[in-house]
Amino acid sequence: MTFSTLSLYILTLILLILLAPALTGFIKALKMYWLFKRPVSIWQGYRDFNKLISKESVVSQEASAMTTIAPYLVLSPLLLILFFLPPVTQGAFYLNVVDAFTITGLISLSAFFLMLLGMDQGSAFGGMGASREAFISALVEPAMILNIFAISLMAQNIGISSAAIHLAHHLPEEHLASFLFAGISFFILLIAENGRIPVDNPETHLELTMVHEAMTLDLTGWKLALIEMASSIKFMIFASLFVTLFLPFGYDLPVALAFLIFLLKLLAVAITVAWIEVNTAKLRLFKVPNLLGVAIVLAFLSLITFYVT
Amino acid sequence: MTPFFQLDTLSLLFVALIVLGSVPNLFYTAGYLPHIQRKTHFLVHYFAFIGAMIGVVTANTPMAFLFSWEVMSLASWQLILTEGKNRQEGLTTRKAARFYFFMTHFGFVFLLLFFLIASQSNLDLPFSEMALSIQAFPYAWLLFLFLALGLFSKAGVVPLHVWLPYAHPAAPSPVSALMSGVMLKVALYALFRFLFETLHPWPLAWGVTVLLLGSFSALVGVLYALTERDIKALLANSSIENIGIILMAFGMGMIFDTLSLPHLSSFAFIAALFHIFNHMSFKSLLFMGAGNILHQTHTKNMELFGGLIKSMPITAWTFLIAALSISALPPSNGFISEWMLFQSMMASQAFTDITLKLALPFAMFSLAMTSGLAIATFVKAFGITFLGLNRSENAAHAKEVNVLMMSGLLLMTGVLIGLMLWAPAFLKLLDGVVYSLNGQRIAADLVPTSFSIHAYNPGAVISPFWLLIGLIALTSLLVWVKSQLKLQTRRSHTWACGNRVQAVNQYTAAGFAAPLRRYFQSLYQAEERIESQAQSVHIEDPLPDDAPHFKKGQHHLIIHPLFERSLYHGTVQLLKRISFWIYHWTHYEKFRYTYFILVLLILVLLGYRLGVTD
């Protein structure tokens with residue numbers, strides 16, 4: 001661990017945190033552009049954040065201490081994951097002290113407190129959002145675990161960083177089908193976990209359709225800022241995991257170029273998500289398990305093709 | 001003369017489990033005692049129960065084991081009946097106790113058969129000499145079957161689990177905590193003891209059977225826990241789930257042992273033992289918390305709770321810690337044992353048998369599904385019970401319970417947090433126990449430093465201590481940032497679409513589980529009925545003007561559990577039908593009756609003849 005490797009690590013960390021609202025903002029702007037609306041600025045996320053952290057916050061009288069502490073516990077596990085994400089470029093320092101299971105566990109921890117937060121204010125919406133979130137995340141979990149298993153077989157390592165580095169150096173050419181299945185499955189999980197169309201619509205405030213928004217309906221100010229930040233960071237985590245594990249190229253290039261390629265890959269993920277959002281309708285809640293079932297089946301297929309070939 | 005009772009490493013570990021489980025429970029019981037009517041009856045059986053459990057885990061001969069086992073069963077049976085003389089709940093309690101009595105003796109018969117064969121009818125033979133006499137018996141699988149039926153009916157493994165969701169809610173809360181937290185583990189102790197000492201080289205099929213039963217139990221347990229509205233029945237169902245998880249780890253250990261992968265086998269057995277301790281800590285805590293609520297609100301129905309976090313803060317926060325741990329969320333101790341189980345399943349890539357290799361992802365799927373559903377279950381259990389508004393008058397009058405009961409809860413929380421923070425040291429201890437069983441030490445690989453735990457898959461490492469520090473540091477950073485911002489806070493009502501915020505508008509426990517209940521409808525066979533009363537009632541009894549004008553209605557939801565419906569009820573129906581048929585066939589004619597007796601006699605003689613020649 002020298003100064004330069006450490007500074008690269010910290011640079012990546014800061015970049016990921018700072019760019020998180022821009023990435024989700026970019027998706028929003030692109031969607032509006034494709035829908036022939038006048039797109040919002042991609043910096044809108046920062047403006048919203050600035051507004052939220054400077055205004056008075058209104059707390060529900062019906063809420064308990066849970067509303068005070070839960071937003072922190074929604075955000076801090078996700079912030080902790082950022083420290084363990086794979087390195088973007090060669091020579092960057094990385095922490096190899098947790099493995100992929102712990103990362104999914106931390107994501108679940110964040111979701112757990114988000115659901116409790118939704119149920120705290122005694123509103124019908126919060127309970128509804130929590131119930132739906134519980135339904136979706138219970139079905140996401142198996143796909144996630146099987147996906148981890150599959151990718152760790154191909155990367156011969158379960159630590160996320162080591163796995164990404166291994167994949168960057170040895171693309172699993174003999175298991176390309178398996179790799180592809182795992183990639184598609186992970187992409188479905190990316191959509192489902194981040195509440196994008198077709199699983200959930202991040203823009204709607206209609207009670208028939210909303211999942212994530214319903215849980216945060218009674219939050220304002222600082223608390224809402226924390227939750228908004230958590231959701232954009234969660235997208236960043238999934239996107240950067242996707243690009244470092246399933247698009248493993250550009251790692252060995254010079255530092256500046258590697259960063260550039262990493263950002264371009266993130267943009268590509270964002271464009272794909274926006275494209276899917278524009279071209280599909282939101283699924284009915286009871287159709288969502290079918291989509292997640294596809295992810296589970298693909299993860300199984302990935303494991304089976306790995307073993308039999 | 002061999003001693004009846006003897007302490008070795010495994011016994012000592014389980015004595016430690018019983019002590020850790022009962023000391024906080026003693027405090028809790030001391031606080032709970034004023035609310036028990038038959039105090040002497042309760043106390044005699046309570047101490048007999050704890051003593052008998054210690055007797056079971058230290059027994060050295062079949063006689064001592066069976067005696068302690070029976071005392072344990074009978075004492076717990078009487079403890080379930082403590083409230084049996086109450087007028088209102090007495091009937092269900094007596095029914096639950098009868099069910100438990102039957103199931104536990106069903107198991108006892110098979111245990112007795114196991115011992116009679118294993119020790120060649122000499123019930124004073126010490127366990128260490130039983131392995132020799134077993135080698136003379138040609139059908140080892142029969143012994144395994146008897147042992148499994150005997151122990152799994154006690155441990156609550158599917159399909160012998162049906163008594164749990166009845167017996168645990170019926171018992172007084174400290175007793176449910178003991179039964180669920182400790183007694184179920186005593187049955188698993190016997191599994192460790194007899195499989196290792198008397199049946200040791202196992203065929204592969206046994207390990208696979210245990211793994212299958214475990215994964216099945218885990219899924220079935222958590223699925224029924226999810227839809228349960230009785231909070232203690234929810235916890236009882238979740239015990240079935242956790243016993244399933246322990247058995248999965250145990251089955252993995254057996255499979256690895258058969259395939260001569262001793263390191264991995266030790267790893268899986270350590271995971272099983274660790275989960276036994278974890279489940280003891282969080283399940284006792286949850287049952288005690290549920291007991292506090294029951295004590296204050298006089299109901300077990302979750303639909304009548306709500307908002308208890310404000311009036312019962314200590315109960316609520318300890319319940320939350322236990323809920324985090326049982327949902328296997330990092331960095332809790334429950335997460336560590338489940339992590340170890342995932343790791344040992346991932347190590348299946350070392351298998352050469354392709355069928356087994358392809359089967360393991362399915363076991364992993366069921367474990368992952370279980371942990372996903374467990375999160376949903378405990379969000380429901382905590383959220384509906386403690387958050388939101390009071391849903392009934394009972395909940396509105398709840399207060400924090402007395403100091404003794406509280407100290408029981410806090411002590412158990414201490415045990416739980418200790419298991420989390422000192423997990424590496426504790427795993428080292430468990431390694432010593434597993435070493436005494438299979439002679440394979442893996443402490444150097446498992447816990448090379450005192451802060452992290454390693455698995456055999458490359459890159460698999462976890463450090464609960466540092467994760468906790470990281471979470472605390474980041475949270476404090478955010479809190480500090482907030483304090484620098486100097487924001488103003490105003491309190492106002494929750495937005496309820498312009499209406500007054502009312503408790504009836506909140507999501508109910510049944511509503512919370514509705515999406516999953518609908519998705520797994522074939523398993524639940526839920527009978528749903530909505531009775532909405534006619535508009536005229538509404539006019540006769542007008543609501544106050546500011547209240548939203550809803551029609552009064554009632555939602556009935558009855559769930560028919562699959563196994564009770566098919567296996568148990570089915571068996572009863574079949575037996576009834578056969579006996580009815582025999583009765584009809586023989587009753588009216590003497591000749592048919594004699595004929596029937598003759599056939600039976602011949603069958604018995606033939607069976608005896610076959611048995612002897614074998």
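Each remark here, short or long, concerns the structure printed above.
Residues numbered from 1 in each chain as written. Chains lettered and ligands numbered in written order. Predicted model: local features only at pLDDT ≥ 70, side-chain atom pairs only at ≥ 80, totals over all residues. Heavy atoms only, no water.

1. What to know about the overall build of chain A
Piece 1. Looking only at helices and strands, chain A has 11 helices and 1 strand in total.
Piece 2. Helices and strands in chain A line up, N terminus first, as α-α-β-α-α-α-α-α-α-α-α-α.
Piece 3. The C-alpha radius of gyration computed for chain A amounts to 19 Å, which stays within 12% of the reference 19 Å derived for 309 residues, consistent with globular compactness.
Piece 4. The dimensions of chain A, computed from C-alpha atoms along their principal axes, are 55 × 45 × 40 Å.
Piece 5. Going through the 309 residues of chain A one by one, you find that 64% of them count as buried.
Piece 6. With the model as given, the accessible surface of chain A reaches about 11,000 Å², and the carbon-plus-sulfur share is 69%.
Piece 7. Separation of charge centres in chain A, based on 15 positive and 18 negative side chains, amounts to 9 Å. (Helix = DSSP H or I, 4+ residues; strand = E, 2+ residues; numbered from the N terminus. Rg over C-alpha atoms; globule rule 2.2 N^0.38 Å. Buried < 20%, exposed > 50% of the residue type's maximum accessible area, 1.4 Å probe, protein only. Areas by Shrake-Rupley, 256 points an atom, 1.4 Å probe, with all protein chains shown as cover. Lys, Arg positive; Asp, Glu negative; His and termini not counted. Charge placed at Lys NZ, Arg CZ, Asp CG, Glu CD.)

2. Here's the deal with the side chain of aspartate 99 of chain A
Piece 1. As for its position among the elements, aspartate 99 of chain A is in the loop between α3 (65–84) and α4 (100–120).
Piece 2. Polar side-chain contacts of aspartate 99 of chain A include one of 2.9 Å to the side chain of threonine 102 of chain A.
Piece 3. Ignoring sequence-local partners within four residues, the contact set of aspartate 99 of chain A consists of Ile158 and Gly159 of chain A together with Trp339, Gln343, Gly459, Ala460 and Val461 of chain B. (Polar contact = N/O pair within 3.5 Å; in protein donor to acceptor, adjacent residues only side chain to side chain. Contact = heavy atoms within 4.5 Å.)

3. With respect to the side chain of serine 463 of chain B
Piece 1. Inspection of the secondary structure assignment puts serine 463 of chain B in the loop between β2 (461–462) and α20 (464–485).
Piece 2. Looking at serine 463 of chain B, the relative accessible area reads 7%, which means it is buried.
Piece 3. Beyond its immediate stretch of four places on either side in the chain, serine 463 of chain B contacts Val97 of chain A together with Phe451 and Ser452 of chain B.

4. Some remarks on the interface of chain B and chain A
Piece 1. Facing 77 residues of chain B, the contacting portion of chain A comprises 76 residues.
Piece 2. Counting each side, the surface lost to burial between chain B and chain A is near 6,700 Å², with a carbon and sulfur contribution of 75%.
Piece 3. Taken together, the links from chain B to chain A amount to 1 salt bridge.
Piece 4. Counting across the interface, chain B meets chain A through 22 residue pairs in polar contact (both at pLDDT 80 or more).
Piece 5. A per-element tally of the side of chain B that touches chain A places helix α15 (residues 354–386) of chain B first, with 19 residues. (Buried area = accessible area lost by both parts, 1.4 Å probe. Salt bridge = Lys/Arg side-chain N within 4 Å of Asp/Glu carboxyl O.)

5. Considerations on the packing of aromatic side chains
Any pair of aromatic rings gets described here by the distance separating the centres and the angle formed by the planes.
Piece 1. One pass over the full model with this rule turns up 61 aromatic pairs over all chains.
Piece 2. For the ring pair phenylalanine 115 of chain B and phenylalanine 194 of chain B, a centre distance of 5.2 Å and an interplane angle of 80° mean the geometry is edge-to-face. Taken as a pair, phenylalanine 115 of chain B in helix α4 (residues 90–118) and phenylalanine 194 of chain B in helix α8 (residues 173–197) lie far apart in primary sequence, 79 residues in all.
Piece 3. Given a relative accessible area of 0%, phenylalanine 194 of chain B falls into the buried group.
Piece 4. Considering the side-chain rings of phenylalanine 192 of chain B and phenylalanine 250 of chain B, the 4.7 Å spacing of their centres and the 90° angle between planes classify their relative orientation as edge-to-face. You can see phenylalanine 192 of chain B sitting in helix α8 and its partner phenylalanine 250 of chain B sitting in helix α10 (residues 231–258), a full 58 residues away along the chain. The pair phenylalanine 192 of chain B / phenylalanine 250 of chain B is uniform in exposure class, with both members buried.
Piece 5. What links up through ring pairs into an aromatic cluster is the set Phe179, Phe186, Phe187, Phe238, Phe242 and Phe246 of chain A. (Phe/Tyr/Trp six-rings, centres within 6.5 Å; stacked < 30°, edge-to-face > 60°.)

6. Looking at the packing of α10 of chain B against α15 of chain B
Residue and element names in this part refer to chain B.
Piece 1. As a packed pair, α10 and α15 sit with axes 11 Å apart at the nearest point and diverge in direction by 155°. Classified by the angle their axes make, α10 and α15 are roughly antiparallel. Handedness of the crossing formed by α10 with α15: left-handed. Across the interface between the two elements, Ile231, Leu234, Leu235, Ser238, Glu241, Ile245, Met248, Met252 and Ile255 from α10 touch Leu356, Leu360, Ala363, Ser366, Leu367, Thr370, Ala374, Thr377, Phe378, Lys380, Ala381 and Thr385 from α15. (Axes fitted to C-alpha atoms, helices over the stretch in contact; angles between N-to-C directions. Parallel < 35°, antiparallel > 145°, perpendicular 65-115°, else oblique. Left-handed = near helix turned anticlockwise from the far one by under 90°.)

7. Quick notes on the nonpolar core
Side chains of nonpolar character tend, in soluble globular proteins, to be buried together.
Piece 1. Membership of the largest hydrophobic core comes to 316 residues, with the highest contact counts inside it found for Phe112 and Phe113 of chain A together with Phe65, Phe114, Phe192, Leu195 and Met345 of chain B.
Piece 2. Looking at which element gives the most residues to this core, the answer is helix α11 (residues 262–297) of chain B, with 19 residues.
Piece 3. Once you skip the residues sitting within four places of it in the chain, phenylalanine 192 of chain B turns out to touch Leu10, Phe250, Phe269, Ala272, Leu273, Ile276 and Leu437 of chain B. (Core = buried A, V, L, I, M, F, W, Y, C linked by side-chain atoms within 4.5 Å.)

8. Quick notes on unusual backbone geometry
Piece 1. Omega for the bond connecting isoleucine 197 of chain A with proline 198 of chain A falls within 30 degrees of zero, at 10°, which places this linkage in the cis form.
Piece 2. Its identity is not glycine, yet glutamine 156 of chain A carries a phi of approximately 55°, on the positive side.
Piece 3. Residue placement: glutamine 156 of chain A occurs in the loop between α5 (124–155) and α6 (160–169).
Piece 4. Positioned with a positive phi, serine 121 of chain B is a non-glycine residue whose angle comes to about 65°.

9. Here's the deal with the environment of phenylalanine 115 of chain B
Residue and element names in this part refer to chain B.
Piece 1. Look at phenylalanine 115 and you get buried, because its relative accessible area is 0%.
Piece 2. Measuring from C-alpha to C-alpha, the distance between phenylalanine 115 and glutamine 296 comes to 46 Å, with 181 residues separating the pair along the chain.
Piece 3. Beyond its immediate stretch of four places on either side in the chain, phenylalanine 115 contacts Pro62, Phe65, Leu66, Gln120, Leu123, Phe127, Met130 and Phe194.

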